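Take a look at the letters that make up each chain.
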Amino acid sequence: MSAESSIQTLSAPNPGVDLAGEILAQARSRDATHVHIEPHAGGTRVRMRIGGQLSEALSLPAPVDLDFADHGVDVARLATPHGERMVLHLPEPAMRFGELEALGMPSRLALALGSDLSRGGLMIIAGPDGSGKATTLRALLREADDGTRNVLTAQTTDEIRAALRQDPDVLMIASIADRETAALAVQAAGAGHLVLGGIDARDAVAAIHRLRDWRVEPFQLASTLRAVVAQRLVKRLCRSCREPVQAQGSVSSLLGFDSGAVVYAPVGCDQCDGGYAGRTAVFEAIHADAALRRLINDGGDGAIIARHAFLNAPNLGSAARTLVRQGIITPEEAVRISRS
């Protein structure tokens, strides 16, 4: 949905409605970090910062008096000729899918996958050996196991067949590595089970190609696929000692940064290992909407699938560049991910 299509125009605020509360509720539901309330000659504009970008949210036909005193938010105020301009600084939302987010998964992606976990279908986690996909699969399995569903794991084809006779709601297959296993996974997903599977592939599009290489019937794959998530592990900078530096010319060019962009470099202190503090994951995800299902069913090539999937979502390279800008990883780690 575009920013323009999400704008709501309120003709006249109802005196009985807590408009300040409504604005905050919408902001929190959209994971906004800030709300900008900007009076102007023609009314009042409300914008929300979501994913780092300001998006139009509300358009009011006249200046309004909004009171956020009882809502527990930090408000920065600035007098203007048309009224008081306010910026609300919203607290970080509590992690709903804490285990997934602790792996480095963005909250928006964790929420989307959480929705997929509530229904049947095929969810793939892709990556080469050492990418952490097994850890993510186990975290997804624990999120799916809410105590009301029959959750099973299997690896060999015999184990999968035996598990399917146990009336599972959720079945995890740690490694889908051949045609027979892939066929069973898609068959189970088509029967209404939620199947979580791992595939050794360099990215999300390559995972779809691998399923095609195993001659999974296109209609079955298109109709059962929920999401494909690909990931890599990267070294996390120590927040206690990292230092800001200017990105070198070659790195700036490779990552598409402006010349002189500020990035962070490792230093080393008594709280870390040579400037690094463990690892985090970089993710990309393809969600199966109607258009993607048509592309898969019609045999669309990888470039077309990638163009659609990452039109409004980050691929691995873009996600890694964001982590650089946030000071979580070095530019060199992002270059390594982008090149791989």
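To be clear, the structure that these remarks concern was listed above.
Conventions used here
- The numbering scheme is per chain: residues are counted from 1 as the chain's sequence reads.
- Whole-chain, interface and lining totals are the exception, using all residues; otherwise, since this is a predicted model, local features are given only for residues with pLDDT of at least 70 and side-chain atom pairs are given and counted only at 80 or more.
- Hydrogens and water molecules were not included; the side-chain quantities draw on all heavy atoms of the structure.
- Between any two strands, at least two bridges found by DSSP are needed for them to pair.
- A run of DSSP states H or I qualifies as a helix once it reaches four residues; a run of E qualifies as a strand once it reaches two. Both are numbered from the N-terminal end.
- All axes here are fitted lines through C-alpha atoms, helices being fitted over the stretch that makes contact, and every angle between N-to-C directions spans 0 to 180 degrees.
- Contact definition: two residues touch when any of their heavy atoms are within 4.5 Å.
- Remark: exposure states derive from per-residue accessible area (1.4 Å probe, protein chains only) relative to the maximum for the residue type, with buried under 20%, exposed over 50%, and partly exposed in between.

Draft legend 1. Spotlight on the sheet that holds strand 7 (residues 121-126). Read across the open sheet, the six strands follow the order 8-9-10-7-11-14; overall the sheet is mixed. Single-partner strands in this sheet number two, and they are strand 8 (151-154) and strand 14 (276-287). Taking each pair of neighbouring strands and ignoring which way they run, the sheet shows an average axis angle of 20 degrees. Looking at chain direction, strand 7 and strand 10 (residues 194-199) are connected through six bridges and run parallel. Bridge pairing in strand 10 links Ala126 to Ile199. Packing against the sheet, helix 6 (residues 179-190) makes contact with strand 7, strand 9 (170-173) and strand 10, and its axis sits at approximately 140 degrees to strand 7. Of the strands in this sheet, strand 11 (225-237) and strand 14 touch helix 12 (residues 316-325), which is tilted by about 140 degrees from strand 14.

Draft legend 2. Inspection of unusual backbone geometry at higher detail. Even without a glycine there, the phi angle at Asp167 is positive, about 55 degrees. As for its placement among the helices and strands, Asp167 is situated in the loop between helix 5 (157-164) and strand 9. Residue class for Asp167 comes out exposed when judged on its relative accessible area of 60%. If you check the backbone angles, Arg215 has positive phi at about 60 degrees while not being a glycine. Position of Arg215 among the secondary structure elements: in the loop between helix 7 (204-213) and helix 8 (218-224). What makes Arg215 exposed here is its relative accessible area of 57%.

Keep in mind that these numbers describe shape and distance, not what the molecule does.
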